[in-house]
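Observations on the three-dimensional arrangement
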Amino acid sequence: MKVRTSRFGEVEIDPSRLLVFPHGLLGFARFRTFALLQPDDRGVFYWLQSVEDPELAFVVTDPTAWVSGYQVPIRPGELTELGLEKAEDATIFAIVNRRDGAITANLQGPIVMNAASRTGIQLVLSDRTWSTRHELVRLPGAAAAKTA
Amino acid sequence: MLVLSRHCEEAIMIGDDVEIVVVDIRGDKVRLGVNAPARVAVHRKEIYESIRQENAQAASLHGTLGAIPGTPSLAHQRAAAIQNIAAARISA
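Predicted model, so just to flag it, every value in this text is computed and none were measured. (Residues numbered from 1 in each chain as written. Chains lettered and ligands numbered in written order. Predicted model: local features only at pLDDT ≥ 70, side-chain atom pairs only at ≥ 80, totals over all residues. Heavy atoms only, no water.)

**Points about the environment of Gly109(A)**
Within the fold, Gly109(A) resides in strand 8 (residues 102–114). Spatially, the C-alpha atom of Gly109(A) lies 9.7 Å from that of Ile121(A), the residues being twelve residues apart in sequence. (Helix = DSSP H or I, 4+ residues; strand = E, 2+ residues; numbered from the N terminus.)

**Observations concerning the pairing of strand 4 (residues 33–39) of chain A**
Residues and elements named next belong to chain A. The element strand 4 is extensively covered by neighbouring structure, given that seven of its seven residues are classed as buried. Where burial is concerned, the two faces of strand 4 agree: the one with Thr33, Ala35, Leu37 and Pro39 and the one with Phe34, Leu36 and Gln38 are both buried. Direction of pairing for strand 3 (residues 19–20) relative to strand 4: antiparallel, over a ladder of two bridges. Bridge pairing in strand 4 links Val20 to Thr33. (Buried < 20%, exposed > 50% of the residue type's maximum accessible area, 1.4 Å probe, protein only. Pairing = 2+ DSSP bridges.)

**Comments concerning the packing of aromatic side chains**
All names here are of chain A. For the structure on display, the rule yields five aromatic pairs over all chains. For the ring pair Phe21 and Phe34, a centre distance of 5.4 Å and an interplane angle of 80 degrees mean the geometry is edge-to-face. Residue Phe21 is found in the loop between strand 3 and strand 4, and its partner Phe34 is found in strand 4; the two are separated by 13 residues along the sequence. Here Phe21 and Phe34 have matching classes, each one buried. (Phe/Tyr/Trp six-rings, centres within 6.5 Å; stacked < 30°, edge-to-face > 60°.)

**Looking at the sheet that holds strand 1 (residues 11–14) of chain B**
Residue and element names in this part refer to chain B. Pairing is antiparallel across the open sheet formed by three strands, whose spatial order is 1-2-3. Each having just a single partner strand, strand 1 and strand 3 (29–35) make up the two edges of the open sheet. Adjacent strand axes in the sheet meet at a mean angle of 25 degrees when their direction is disregarded. Relative to strand 2 (residues 18–26), strand 1 is paired through four bridges, and the arrangement is antiparallel. Looking at strand 2, one finds that Met13 is bridged to Glu19. (Axes fitted to C-alpha atoms, helices over the stretch in contact; angles between N-to-C directions.)

**What about the interface of chain B and chain A?**
Opposite the 41 residues of chain B that make contact, chain A presents 60 residues. Carbon and sulfur atoms supply 60% of the area buried between chain B and chain A, which totals about 4,600 Å² over both sides. Broken down residue by residue, the surface that chain B buries against chain A is led by Glu54(B), Ile85(B) and Ile90(B), which jointly contribute 16%. Joining chain B to chain A, the criterion identifies four salt bridges. The partner of Glu46(B) in a salt bridge is Arg128(A), and the shortest N-O contact between them spans 3.3 Å. Linking chain B to chain A there are 19 residue pairs in polar contact (both at pLDDT 80 or more). Of all the elements in the fold, those that place two or more residues in the side of chain B that touches chain A are helix 1 (45–58), helix 2 (76–85) and strand 4 (88–90) of chain B. If one sorts the elements of the side of chain B that touches chain A by residue count, helix 1 of chain B sits on top with eleven residues. Residue classes in the side of chain B that touches chain A are distributed as 20 nonpolar, 15 polar and six charged. (Contact = heavy atoms within 4.5 Å. Buried area = accessible area lost by both parts, 1.4 Å probe. Salt bridge = Lys/Arg side-chain N within 4 Å of Asp/Glu carboxyl O. Polar contact = N/O pair within 3.5 Å; in protein donor to acceptor, adjacent residues only side chain to side chain. Nonpolar A, V, L, I, M, F, W, Y, C, P; charged D, E, K, R; others polar.)

**Things to note about the environment of Pro37(B)**
Residues and elements named next belong to chain B. Along the chain, the position of Pro37 falls in the loop between strand 3 and helix 1. A relative accessible area of 24% means that Pro37 is categorised as partly exposed. Separated by 20 residues in sequence, Pro37 and Asp17 have C-alpha atoms that sit 6.8 Å apart.

Keep in mind that these numbers describe shape and distance, not what the molecule does.
Okay, here's the thing in structure tokens:
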């Protein structure tokens, strides 16, 4: 199938590769179907592109590549909903943002996926160990200046 | 908005399966217990709101992020796992 995107034009996607978020993402509950797009730069950033809205896409990354010790406490009910037996079987992504000259990741609201069933949910971690704007890396030349 | 008065250890029911119990009252702080099925998400509102706002901002991100110094590389196993989930390659 062809998926229209505002950032990458039309992308050909095998329907079996789609990802389903039964509750959508927080604030975007209407959009349930996404595709993970992989830039050909071998980087650690990916695009989670909505199939239903060409404009809607998020940069996501594997937070464990950046932050050692980052673990998501997935509750039993959430594991059941994802059809996972144990938390270690989950694939975790964090939504990436650009803030004040830095690349940040939302570690308090991680995306947790069952890679086999291709379903995911965005969790809301109730403790404050991890922030919604965890700094991953400062952008070159950004120093401490506010560039937003 | 419906407003109800409750004493400590009293509860309210929302529908058939959500119970909210006043566990403790101390000064201006009320501790609430929530019994709800797993499918019902229960969050502190300010945390929920901050994640919602962060999502909204993140959705406006454009451009590429690949060539930033300091970017780690993915462990081989993780990269393979993500490739399994990815649907297509795009030119960065």
